[in-house]
Amino acid sequence: MSDYILRILRLARFVRVCLLALLIGLSSFSAYGATIANPVAVFAGLDKITGRLTQFDVYIGETVQFGALQLTPRACYSRPPTEAQRVSVFVEVDQVSLKGTTTRIFTGWMFADSPALNAIDHAVYDLWLVACAQTSDVPPPDAR
């Protein structure tokens, strides 16, 4: 066989190996960064007046009241245990006035590893995300 044909065969083998490595890399890349949707968001709240710290579970779509604030998580995502944990929640927070009217004071993402990044700016209460969970000791809203 001529030297030219051997070079072409080696090049073709090299291209096949590169394509195979690329396909394997792409399949593992799609799994990387995969998120897990969780039905429960775990929050912590601080009442700055009394100094009382409370941790509570909230189901996705459920609205709970913490002092004068009402919060409703819409999505809570975590990552598989084999990856770096990045827990995030999309939440809506309303303030209830003494007259009973509500005012939206926050809508957005909160991150457990950076609680000050998108913190609730309120004079009396601090709220932050602690974790996402698959289960809770609190029964779901439809079971109450």
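What counts and what doesn't
- Sequence order as written defines the numbering, with residues in each chain counted from 1.
- Where totals are concerned, whole chains, interfaces and linings use all residues; where local detail is concerned, this predicted model gives features only for residues with pLDDT of at least 70, and gives and counts side-chain atom pairs only at 80 or more.
- In computing side-chain values, all of the structure's heavy atoms are included and hydrogens and water are not.
- Any two of the Phe, Tyr and Trp rings considered here, Trp counted by its six-membered ring, make a pair once their centres fall within 6.5 Å; the pair's planes then place it as stacked at under 30 degrees, edge-to-face at over 60, or tilted in between.
- Secondary structure follows DSSP: runs of H or I at least 4 residues long count as helices, runs of E at least 2 residues long count as strands, and numbering of each begins at the N terminus.
- Remark: exposure states derive from per-residue accessible area (1.4 Å probe, protein chains only) relative to the maximum for the residue type, with buried under 20%, exposed over 50%, and partly exposed in between.
- To count as a disulfide, a pair of cysteine sulfur atoms needs to be within 2.5 Å.
- Joining through side-chain atoms within 4.5 Å is the link that ties buried Ala, Val, Leu, Ile, Met, Phe, Trp, Tyr and Cys residues into a set, and such a set is a nonpolar core.
- Contact between two residues is taken to exist if any of their heavy atoms lie within 4.5 Å; hydrogens are not considered.
- A pair of strands counts as paired when DSSP detects no fewer than two bridges linking them.
- Axis angles are defined between N-to-C directions and span 0 to 180 degrees, where every axis is a line fitted to C-alpha atoms and, for a helix, only to the segment in contact.

Asker: Please set out the packing of aromatic side chains residue by residue, giving values where relevant.
Answerer: Inspection of every chain in the model, using the stated rule, returns five aromatic pairs. Seen from their ring centres, Phe-66 and Tyr-125 are 5.5 Å apart, and the 70 degrees between their planes marks the pair as edge-to-face. Residue Phe-66 is found in strand β4 (residues 64–66), and its partner Tyr-125 is found in strand β8 (residues 125–133); the two are separated by 59 residues along the sequence. Comparing Phe-66 with Tyr-125 shows no difference in burial state: the two are buried. Judged by centre distance (5.3 Å) and plane angle (70 degrees), the ring pair of Phe-90 and Trp-109 falls under edge-to-face. Separated by 19 residues along the polypeptide, Phe-90 in strand β6 (residues 88–96) and Trp-109 in strand β7 (residues 102–111) bring together distant segments of the chain.

Asker: Could you give an account of the state of the cysteines, with specific residues and numbers?
Answerer: Enumeration according to the criterion identifies one disulfide in this entry. Residue pairing for Cys-76: its cysteine sulfur links by disulfide to Cys-132, the two sulfurs lying 1.8 Å apart. Residues Cys-76 and Cys-132 are joined by a disulfide whose S-S torsion is about -90 degrees; by sign, that bridge is left-handed. Taken together, the residues span a long stretch of sequence, with Cys-76 in strand β5 (residues 69–78) and Cys-132 in strand β8 at a distance of 56 residues. Per residue, the accessibility class of Cys-76 equals that of Cys-132, and both read buried.

Asker: Tell me about the nonpolar core, and name the residues and values.
Answerer: Ranked by size, the top nonpolar core spans 20 residues in total, and within it Phe-43, Phe-56 and Leu-71 carry the most contacts. Elements that contribute at least two residues to this core include exactly β2 (40–47), β3 (52–59), β4, β5, β6, β7 and β8. For this core, the element with the most residues is β8, which contributes four residues. Sequence-distant contacts of Phe-56, defined by excluding residues within four places in its chain, comprise Ala-41, Val-42, Phe-43, Ala-44, Gly-45, Val-64, Phe-66, Leu-71 and Leu-127.

Asker: Which residues make up the sheet that holds β3, and what are the values?
Answerer: The strands making up a sheet are joined through hydrogen bonds of the backbone, oriented either antiparallel or parallel. The antiparallel open sheet is built from three strands, whose spatial order is β3-β2-β8. Since the sheet does not close on itself, it has two edges, and those belong to β3 and β8, each with one partner. Between one strand axis and the next, the sheet turns by 25 degrees as a mean value, whatever way the strands run. Here β2 runs beside β3; their pairing, made up of eight bridges, is antiparallel. Residue pairing across strands places Phe-43 opposite Phe-56, the latter belonging to β3.

Asker: Break down the pairing of β2 for me, citing the residues and quoting the values.
Answerer: Counted residue by residue, β2 has seven buried out of eight residues, so it is predominantly covered. In textbook terms, the turn of a hairpin is the stretch between consecutive antiparallel strands, and for β2 and β3 this stretch comprises four residues, one of which, Gly-51, has a positive phi near 80 degrees. The pairing of β2 with β8 spans eight bridges and is classified as antiparallel. Counted as the bridge partner of Ala-41 is Cys-132 from β8.

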